[in-house]
Amino acid sequence: MAAPVLGIDLGTTNSLAALVGADGKPAALRGLDGEAIVPSVVSFAEGGAVVVGRAARRRAADDPMHTVFSVKRLMGKGIEDLTEVERSHCPYEFVPADGSQLRLKIRGREYTPQEISAQILREVVNRASAVVGETVTRVVITVPAYFDESQKQATMAAGQIAGLQVLRILNEPTAASLAYGLDGLHDGVVVVYDLGGGTFDVSVLKIESGVFRVLATNGDAALGGDDFDRAIAERCAQEMRAAGVPETALRDPGLLQVLRAAAERAKMELSEKLETELVISEDRLGVRWRRTLARAEFESIVAPLIERTVGPCRRALSDAELEPEQVHAVVLVGGATYVPAVRARVEQLFGRKPYCELNPMEVVALGAAVQAKKLEGGFQNLLLLDVTPLSLGTETYGGAVAKVIPRNTAIPARASEQFTTFTDNQTAIVFHICQGERELAKDCRSLGKLILRGIPGMPAGMPRVDVTFHIDSDGLLTVTAQERRSGVKAKVEIVPKHGLSLDEITRLVQEAAAHAKEDFVAARLATLRADAEFVLRKLDARVADAAGRLDAETLSEIQTARDGVVDAMAGQSPDGIDGALHYLEDVARPLVEMTMNTVAQRAVSGKLLDEVTQSAERTKAAAPAHDGSGPLSVKRG
Ligand code: ADP
Ligand code: MG
């Protein structure tokens, strides 16, 4: 049996891995030393040894120039992208490299952030493999919801450099919600409040039928639990100064390190206890100092920091156009949410108790493990995020559906089709987006509409509109339409109804199979009727154009053939329409040739000839406008 797929939280401060156990529950993987957490720190020792994790963090005080913290902040970034804060976090040198990718120069060698992240991943995976007893090669890695494409790509690359197959990049807030099983929450809004070591992120997610959509993200890239430590350490330093500790000792880097570590320990203890003691003892400097710290005093020290998370929460909610009452669940993530005062503030802000039963430092990895198990085929009853269970497409003029992404396509997926206008000077097209296996839009589920406006006036069939369906790895469907000549664009985001049960999907697929024959006929009929309509309108325009120049006999033949098409359109036989159209095409050839010779028509070249004589083959079409704007869509062949 292959080694299990590992869920990995590649954090700014800490990283860890998790797996779903035999009991069906995700659990963090503890290394042989009993620790689940690997600090995201990489230190390059003299002589070429690379130290990762706890040992690297210990080296930091002595060797800051060769120890890399928070490399996640640099992923997928160019030097020009770095903020002042990000730069100030890094004592080492940056090298501008080709493209936008930055590199770090350490002991004369250049490293990309991806390579350094790869070291962390390797450490996490090696520890996991040792516990599992098999070499893990396949992983799911989480990233913040705000990561853009290049940051996600960089994370993928880090995995590849570490020799891993990254099966999925998963949003951290989505992972945290998965860990709590919130995907079962139908049409709910979840706020994920993530206060880590050095970053604060708040995400507003909408869960619909098992699909997670990020409605808004906000946060503060320079706020986290480490600031709590700093605030305590500063308070202590002031008191030490007042107690007569000399300035030279207070500026000693070693002492500052000791003070910072003691402050963090005190902070963590106060998450459990009401009082703790800080003991600073540095014989080298002759410093001996102690004080007790009560939880209430700690809270008053960090209150301004906690308060700084409130603004981003409010802004995220307002960006999502939601009130706190519309939130169904609040999830706490990040080690700093252990602090009771943080929990209390969040509860007060959202008017509800946040989810905090799962370890907030592990919850993202736990969710990644759930996703990993799903990719292995587990949790069959859970959301269907891996393939599109039903086809997605758009209705064409006439009521048929042009399928753009067929069912069972692995996601993420992207596919395009080209469409055109149905009438001359048509400036807008409605794309009615449908889901289902049936051939006619009326038998499929309607997901929404996309209206492309501002198409420049052109003869029918001339504009080329590229319609692209993109389903991201969270199952969110984005449909974009763009007309090539003018570049006009429209976009809509839709949540496909993936929450269908397996039974439902089976039923829909069987239904489609049962109706396959009649559906095929109906769709062909609809398409041919639309084609015929298109051909007749072009024909009438040409007849009017050629007024007086066409001999009576040809004209009457054309008229008869035209009546034949109209009769066939009223009937139920696709072949009847097809035949009538072909006949009309033959009879109308002299007319087409004649009008093609006029200068005005030559301007549009052979296009119109094509459109009139071959439209039955070349366009799939047919169906009246769905709203007041009067547009139609025709699929280009
Ligand atoms: P990140 O997501 O940035 O990697 P984590 O979620 O691992 O960060 O959080 C790290 C932060 O959590 C550190 O500042 C650490 O001091 C803090 N932390 C860890 N445990 C506790 C605790 N019991 N009480 C308070 N803070 C804690
Ligand atoms: Mg985190």
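Residues numbered from 1 in each chain as written. Chains lettered and ligands numbered in written order. Predicted model: local features only at pLDDT ≥ 70, side-chain atom pairs only at ≥ 80, totals over all residues. Heavy atoms only, no water.

> Tell me about helix 3 (residues 113–132), and name the residues and values.
For helix 3, built from 20 residues, the straight-helix expectation of 28 Å at 1.5 Å per residue is met to within 8% by its first-to-last C-alpha distance of 28 Å. Positioned one or two residues after helix 3, G133 has a phi angle of 85 degrees, which is positive. (Helix = DSSP H or I, 4+ residues; strand = E, 2+ residues; numbered from the N terminus. Expected span 1.5 Å × (residues − 1).)

> I'd love a proper account of the confidence of the model for the protein chain, names of residues and values included.
Regions with low pLDDT should not have their predicted coordinates read in detail. Scored by pLDDT, the protein chain has a mean of 86; 89% of the residues are at 70 or more. When the criterion is pLDDT under 50, residues 599–632 qualifies, and its contacts beyond four places in sequence or with other chains add up to 98 contacts. (pLDDT = per-residue confidence, 0-100. Contact = heavy atoms within 4.5 Å.)

> Tell me about the layout of surface pockets, residues and numbers included.
Over the atoms rolls a probe the size of a water molecule, and its path tells where empty space is left. A volume near 800 Å³ is recorded for the second largest pocket. If you trace the second largest pocket, you find 29 residues lining it, with E149, K152, H470, D472 and S473 closest to the centre. Of all the secondary-structure elements, those providing two or more residues to the lining of the second largest pocket are helix 4 (149–161), strand 12 (165–171), strand 15 (211–220), strand 25 (477–483) and strand 26 (489–494). Take the lining of the second largest pocket: its biggest share by element is six residues, from strand 12. Looking at the lining of the second largest pocket residue by residue, the classes come out as 13 nonpolar, six polar and ten charged. Of the domains in this structure, domain 1 (6–223 + 308–386) and domain 3 (392–500) are the two that each give at least three residues to the lining of the second largest pocket. (1 Å grid on protein atoms, 1.4 Å probe; cavity = no way out; pocket = protein on both sides within 12 Å on 5 of 7 lines; lining within 4 Å. Points joined across faces, edges and corners; volume = space filled by probe spheres on them. Nonpolar A, V, L, I, M, F, W, Y, C, P; charged D, E, K, R; others polar. Domains from an automatic or database assignment.)

> Got a sec to walk through the packing of aromatic side chains? Specific residues and values, please.
Following the criterion strictly, the structure yields eight aromatic pairs and no others. With a centroid separation of 4.5 Å and an interplanar angle of 35 degrees, the aromatic rings of F44 and Y111 are classed as tilted. Placement of the pair is F44 in strand 5 (residues 42–44) and Y111 in strand 10 (residues 109–111), with a sequence separation of 67 residues. Relative to Y355, the ring of Y180 has its centre 5.0 Å away and its plane inclined at 70 degrees; by these criteria the two rings are edge-to-face. Of this pair, Y180 sits in the loop between helix 5 (172–179) and strand 13 (188–195) while Y355 sits in the loop between helix 11 (340–350) and helix 12 (363–375), and the two are 175 residues apart along the sequence. Accessibility expressed as a relative area gives 15% for Y180, which makes it buried. (Phe/Tyr/Trp six-rings, centres within 6.5 Å; stacked < 30°, edge-to-face > 60°. Buried < 20%, exposed > 50% of the residue type's maximum accessible area, 1.4 Å probe, protein only.)

> Pulling in residues and values, what's your account of the site of ligand 1?
Of all residues adjacent to ligand 1, which total 18 residues, the nearest are T13, N14, E264, K267 and S271. Interatomic distance of 2.8 Å between a backbone N/O atom of T13 and an oxygen atom of ligand 1. Contacts to ligand 1 include G197, whose backbone N or O atom sits 3.2 Å from an oxygen atom. Protein coverage of the free-state accessible area of ligand 1, which is 590 Å², stands at 91%. Elements with a minimum of two residues in the shell around ligand 1: helix 6 (225–242) and helix 8 (253–269). It is helix 8 that provides the largest number of residues to the shell around ligand 1, a total of three residues. Class assignment of the residues belonging to the shell around ligand 1 gives a composition of five nonpolar, ten polar and three charged. Taken together, domain 1 (6–223 + 308–386) and domain 2 (225–305) each give at least three residues to the shell around ligand 1, which thus spans both. (Near = heavy atom within 4 Å. Polar contact = N/O pair within 3.5 Å; in protein donor to acceptor, adjacent residues only side chain to side chain. Areas by Shrake-Rupley, 256 points an atom, 1.4 Å probe, with all protein chains shown as cover.)

> So what's going on with the sheet that holds strand 19 (residues 392–395)? Residues and values would help.
The four strands are arranged 20-19-22-23 in an open sheet whose pairing can be described as antiparallel. Taken across any chain shown, the strands that pair with only one partner, and hence form the sheet edges, are strand 20 (401–405) and strand 23 (445–452). The mean inter-strand angle of the sheet, taken between neighbouring strand axes irrespective of direction, is 30 degrees. Where strand 19 and strand 22 (residues 429–435) come together, three bridges link them in antiparallel fashion. Opposite G393, over in strand 22, you have C434 as the bridge partner. (Pairing = 2+ DSSP bridges. Axes fitted to C-alpha atoms, helices over the stretch in contact; angles between N-to-C directions.)

> Tell me about the environment of S117, and name the residues and values.
Examined against the element boundaries, S117 turns out to sit in helix 3. With a relative accessible area of 2%, S117 lands in the buried category. C-alpha of S117 to C-alpha of V41: the two residues are 76 residues apart in sequence and 9.1 Å apart in space. In this structure S117 touches L10, V71, M75 and A158, once residues within four positions along its chain are discounted.

> Pulling in residues and values, what's your account of the pairing of strand 24 (residues 465–471)?
For strand 24, the buried fraction is high: five of the seven residues fall into the buried class. Bridge count for strand 21 (residues 413–420) against strand 24 is seven bridges, and the pairing is antiparallel. Its bridge partner lying in strand 24, A413 is registered against I471. For strand 24 and strand 25, the ladder comprises seven bridges, and the chain directions are antiparallel. Opposite F469, over in strand 25, you have V479 as the bridge partner.

> So, the environment of V189: which residues are in play, and what are the values?
Examined against the element boundaries, V189 turns out to sit in strand 13. Relative accessible area serves as the criterion here: at 5%, V189 is assigned to the buried category. With 141 residues separating them along the chain, V189 and V330 place their C-alpha atoms 8.8 Å apart.

> Give a description of unusual backbone geometry that names residues and reports values.
Phi at E321 takes a positive value of approximately 55 degrees, unusual for a residue other than glycine. As for its position among the elements, E321 is in the loop between helix 10 (310–319) and strand 18 (329–333). Given the relative accessible area of 69%, E321 is considered exposed. Notably, N425 is not glycine yet its phi reads approximately 55 degrees, a positive angle.

> Tell me what's going on with the pattern of salt bridges, and back it up with residues and numbers.
Counted by the stated rule, this structure contains 33 salt bridges. Notably, a salt bridge pairs R30 with E362, separated by 2.8 Å at the nearest N-O pair. Of the two residues, R30 sits in the loop between strand 3 (26–28) and strand 4 (38–39) while E362 sits in the loop between helix 11 and helix 12, which places them 332 residues apart along the sequence. Exposure remark for E362: the relative accessible area of 10% places this residue in the buried category. Of the charged contacts in the structure, one is a salt bridge between E297 and R235, with a shortest N-O distance of 3.7 Å. (Salt bridge = Lys/Arg side-chain N within 4 Å of Asp/Glu carboxyl O.)

> Pulling in residues and values, what's your account of the packing of helix 9 (residues 295–307) against helix 11?
At a minimum axis separation of 9 Å, helix 9 and helix 11 run at an interaxial angle of 50 degrees. Judged by the angle between their axes, helix 9 and helix 11 are oblique. The handedness of the crossing between helix 9 and helix 11 is right-handed. Of the residues in helix 11, those touching helix 9 at R295, E299, I306 and E307 are P340, A341, V342 and R345. (Parallel < 35°, antiparallel > 145°, perpendicular 65-115°, else oblique. Left-handed = near helix turned anticlockwise from the far one by under 90°.)

> Outline the sheet that holds strand 7 (residues 67–68), listing residues and values.
Here three strands make up an open sheet; going across it, the order is 6-5-7 and the pairing antiparallel. Strand pairing shows two members of the sheet lacking a second neighbour, strand 6 (50–52) and strand 7, which therefore form its edges. Judged from the three bridges that link them, strand 5 and strand 6 form a sheet pairing that is antiparallel. Its bridge partner being in strand 6, F44 is matched across the sheet by V50.

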